[in-house]
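# Coordinate analysis (summary)
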Amino acid sequence: MNFLDIEKKWRKKWAEDKAYSFDKSKIDKKKYVLEMFSYPSGAKLHVGHWYNFGPSDSYARFKSMQGYEVFEPMGFDAFGLPAENYAIKTGIHPEDSTVKNIATMERQLQEMGGMFDWDYEVKTCMPDYYKWTQWIFLQLYKAGLAYRKEAPVNWCTSCNTVLANEQVKDDGTCDRCGSPVIRKNLTQWFFKITAYADELLSGLDNLDWPEKTKAMQRNWIGKSVGGEIEFTCESGDKFRVFTTRADTAFGISYVILAPEHPLVDKITTPECRQAVEEYKTACAKVSEIDRMSSSREKTGAFTGAYCINPVNGERVPIWIGDYVIYSYGTGAVMGVASHDERDYDFAKKFNLQIKRVIKSKDGSPDELPYHDYGIMVNSGQFDGMTSEEGRVAVIKWLESKGAGELKTNYRLRDWLISRQRYWGCPIPIIHCPHCGEVAVPESDLPVKLPYNVDFAPDGASPLLKSEEFMNCTCPKCGQPARRDPDTLDTFVCSSWYYLRYPDAHNDKAAFDPDIINAMLPVDKYIGGAEHACMHLLYARFFTKALRDLGYLKFDEPFTSLVHQGTILGPDGYKMSKSRGNVVSPDEYISKYGSDAFRLYLMFGFSYKDGGPWNSSGIESIVKFLERIERLVVKATEISAPKDKERGKAEKELLYTCNYTIKRVTEDMENFSFNTAVARLMEFVNALYKYDSEVANKNLYIFKDCIEKLVLLLAPFIPHVAEEFNSMLKGAYPIYRRAFPVCDESALVKDEYELAVQVNSRIKCKIVVPSDSDNKTIESIALSNEAIIAATQGLKVVKVVVIPKRLVNIVAK
RNA sequence: GCCGCUGUGGCGAAACAGGCAGACGCAAGGGACUUAAAAUCCCUCGGGGGAGACUCCGUACCGGUUCAAAUCCGGUCAGCGGCACCA
């Protein structure tokens, strides 16, 4: 059988028949199976795409055969930096390269034989899509969830451009030119994801997601419960610090502000000004990555100013230091050298006071710095209180004096969404000299991305150089105005694509809420784990925000999530061009066919783990397919009347058949594809055994089992199974046929074998009738010759009988 | 440093929920068919000992709980992923 020809034949027929069209009239039986859409940068599908899409598609087909109306769309996350960088390097326009890459990938995806419904294809770089990305931006903007503020960005001093964090190398230099990267304040757009921090955290509890991913999101959101303490400077200025350890407040030896804190300039004394200014300049040169490194030596400068510790009235010096992060908490911290390692290091370096206020609860060693919870000492009326009580009590006491309040902080920051880049979705905002920031009226959307733009980096947004784009009229006052020159982070585009798919061609709205509320949430979402704290978090935020704006009636976009593992290069490293260990699926597909390749991916790896590529087993998959083919050919030659005569061999065959059905069904549900395939191989082996060993075959049962086998195989090898199905004159298309259902009665055996142990060592196997009770099993075991021999001279102390498993005889 | 995950034959991996470790397959070795090869089919295949029936050891390492541990508990080591001066 020529698998390549067969695959081509069926793909042609499926396309002609529109076999995989989603039937909207069956929406009540819908199953929305979604694979993370891909980024068309590499020009071709790689093994990773296959590993994501192939087995997922088999799952979708399995659900379809179970009677669900499966919606499995496909599309492209088409804006983004790689296409732009490629353009900068080669001069090929990002739109041209992207359109070309998409065409290639579409063809390859079709060769995969996925049941994707291409009528719902989405490409984020097309105006009919990004029009609605802009529309959603405006809804968030009007709701106060999108705003502009000054924020530090990574700035390459040589390229004169803003860099994303991932473009800054570990040593703080530019990924492209190697020049130093500094932090610079620029006005940027943000989404207020922090408004949803608490719900994003609590919502995780009810999601069927990998625990690991949920843990990462929890970590990322970083809830910490504590309080704020207000300090008054001698100048009269007030500021607050955030702390989770108010129980240590009596041990404050200094307070420390972030260098960017607005109070710094105001309170710094003339004597200290020069040192403070020098320190601030030095800080700006340090990259964010360096600054965040905990191994760095503490640095700082004294402002010359003092404030009063509200818990004990002590006079406390005010320092600045870059280990305090301006964007977290209040941008100011109390320095308790005795009970915090960082403060301890700082105090040691600058010779500041170190005063113990916590001792251990049980007298265990509590050398300073001692950061564990303990008992409060040197803390006035709080002496003797535990840290757990004190950290709340001290804040509450301060609250009553107007100098503090309980407060919860999150590590999560607002999402910076503006990019000074060309190949992205334009931000639909107009800046008017008279009216200020004005939203583009919805009737004027989309704000189209112009084609003819010089996108070579020179420090400003490329769109600034397009006068045709920039100049516009203010929708409010009609005066000349300028457009926002930035584009949106591509993660904005991908935060709502799963909402667009079911209503992909709606030109009146981003989506029809009625359709979306019926189609979502996504029932099974499959994609890489690397998106845990980005795409998967952003998409959840969008869903919640759009729900609150009244467009959606569900809280979470993805009910159930599976991460496929990563297929590494044969050398065990992540595949990369620079390492030269990239494996292309194409050569295997053109040699063995896409079904064989898909089946190999499903059998050779544990789906959620992945692992190094190794092609040594792929030929055996082809042999497996040929083995099945021989059975099918045999079956086509059989025309036996229904025959209920069942001997031992038939019972055994039917047992294997139904056991296979049961296990494959369970394994598919769990994405445990490798064991599902193993069970199918066992079934095939059993059919061969029956065929060769049984002289007087029940041909009806034999043929029936082969027909079931083909149905079981349909999700795994869609083309080849369709061919087998047609050879057997089964109804077309096979994926609309019912997946076999296990006949539990066939799994009931008259008798079964179980192992007998003496002192936990297996001595023999016995066969007992299936309905035996424990007593019967025990007596059969004890009367077995091998057991009598093994217990000779010993006294049986205890007999443990586990039906269907084993018997353990404890003898001394 | 913190959080999470993983560690099983020569290899990819199985083992539901404490109950026969290594299913299924690759590689390897042997055999049948063949003039020969390919294809196909059959057998062996964790390690040690034994002629053999058998027997001892074995799931990273050390200890514990249990009639019974790859699985549970405590500790150690190694690898992977994430976060990392978050107060």
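Nothing here was measured: the structure is a model prediction, and the numbers come from that model. Along every chain, residues carry numbers that run from 1 in the direction the sequence is written. Whichever chain is written first is A, and whichever ligand is written first is 1; the rest continue in order. For this predicted model, a pLDDT threshold of at least 70 governs which residues receive local features, and a threshold of 80 or more governs which side-chain atom pairs are given and counted, while totals over whole chains, interfaces and linings are taken from all residues. Each side-chain value is derived from all of the structure's non-hydrogen atoms; neither hydrogens nor water enter the calculation.

### Concerning the packing of helix α2 (residues 47-65) against helix α19 (residues 594-604)
- Two numbers describe how α2 lies on α19: the axes approach to 9 Å, and their chain directions differ by 90°. Taken together, the axes of α2 and α19 lie roughly perpendicular to each other. Packed against α2, whose contacting residues are Val47, Trp50, Tyr51, Gly54, Pro55, Asp57, Ser58 and Arg61, the element α19 presents Ser594, Phe597, Arg598, Leu601 and Met602 at the interface.
- Split by residue class, the contact of α2 with α19 holds seven nonpolar, three polar and three charged. Axis definition: a line fitted to C-alpha atoms, over the contacting stretch in the case of helices. Angles run 0 to 180 degrees between N-to-C directions. Put simply, DSSP H or I for four residues or longer makes a helix, DSSP E for two residues or longer makes a strand, and each gets a number counted from the N terminus. Oblique is the label for any angle not covered by the other classes, which are roughly parallel (under 35 degrees), roughly antiparallel (over 145) and roughly perpendicular (65 to 115). In what follows, a contact means two residues having at least one pair of non-hydrogen atoms within 4.5 Å. Side-chain classes are defined by residue name, with Ala, Val, Leu, Ile, Met, Phe, Trp, Tyr, Cys and Pro counting as nonpolar, Asp, Glu, Lys and Arg as charged, and the others, Gly among them, as polar.

### Looking at the sheet that holds strand β25 (residues 524-526)
- Strands sit in the order β2-β1-β25-β26 across an open sheet of four strands; the sheet is parallel. Taken across any chain shown, the strands that pair with only one partner, and hence form the sheet edges, are β2 (69-71) and β26 (561-562).
- Here, a strand pair is defined by DSSP locating no fewer than two bridges between the strands. Both strand β1 (residues 30-35) and β2 contribute to a ladder of three bridges, which runs parallel. What sits directly across from Lys30, in β2, is Glu69.

### Concerning the nonpolar core
- Think of a nonpolar core as a cluster: buried Ala, Val, Leu, Ile, Met, Phe, Trp, Tyr and Cys residues, connected wherever their side-chain atoms sit within 4.5 Å. Residue burial is assigned from relative accessible area. The probe radius is 1.4 Å, only protein chains are included, and a residue is buried under 20% of its type maximum, exposed over 50%, and partly exposed in between. Residues Phe137, Phe191, Trp415, Tyr498, Leu499, Phe542 and Trp613 are the most contacted members of the largest nonpolar core, which totals 177 residues.
- Beyond its immediate stretch of four places on either side in the chain, Trp613 contacts Val47, Ile567, Leu568, Gly569, Pro570, Met575, Val583, Tyr588, Phe597, Tyr600, Leu601 and Phe605.
- Within the second largest apolar cluster, 38 residues are counted, among which are Phe231, Ala332, Val394 and Ala403.

### Remarks on the sheet that holds strand β29 (residues 751-758)
- The four strands are arranged β30-β29-β32-β31 in an open sheet whose pairing can be described as mixed. Every interior strand has two partners, whereas the edge strands, β30 (761-769) and β31 (796-802), have only one. Within this sheet the neighbouring strands show an average axis-to-axis angle of 20°, counted without direction.
- The sheet contact formed by β29 and β30 spans eight bridges and is antiparallel. In the sheet register, Leu754 faces β30, and the bridge partner there is Ile766.

### Remarks on helix α18 (residues 585-592)
- Taken together, the buried positions of α18 are occupied by Pro585, Tyr588, Ile589 and Tyr592. Summarising the axial view, the buried residues of α18 lie within an arc of 100°, below the 170-degree limit, and thus occupy one face. α18 presents Ser590 and Lys591 as exposed residues on the side facing more than 90 degrees away from its buried surface.
- In the core, the buried residues of α18 are packed alongside α1 (3-17), α2, α19 and α20 (618-636).
- Pairs of N or O atoms within 3.5 Å make up the polar contacts considered here, provided that, within protein, one atom can donate a hydrogen while the other can accept it, and that residues adjacent in sequence are counted only when both atoms are side-chain atoms. Among the residues of α18, the N-terminal cap falls to Ser584, whose side-chain oxygen and the backbone nitrogen of Asp586 are separated by 3.1 Å.
- Among the residues trailing α18, Gly593 stands out with phi positive, at a value near 100°. In this context, the arc is that of the directions from the helix axis out to the C-beta atoms.

### Quick word on the pattern of salt bridges
- The working definition used for a salt bridge is a side-chain nitrogen of Lys or Arg within 4 Å of a carboxyl oxygen of Asp or Glu. Enumeration over the complete set of coordinates arrives at 51 salt bridges.
- Residue Asp198 pairs with Lys223 through a salt bridge whose shortest N-O separation is 3.3 Å. Of the two residues, Asp198 sits in helix α6 (residues 197-202) while Lys223 sits in strand β8 (residues 223-233), which places them 25 residues apart along the sequence.
- Lys223 sits in the partly exposed class, given a relative accessible area of 42%.
- A salt bridge links Glu230 to Arg240; its shortest N-O distance comes to 3.3 Å. Here Glu230 is found in strand β8, whereas its partner Arg240 is found in strand β9 (residues 238-243), with ten residues between them in sequence.
- Among the residues examined, Glu230 registers a relative accessible area of 19% and is labelled buried.

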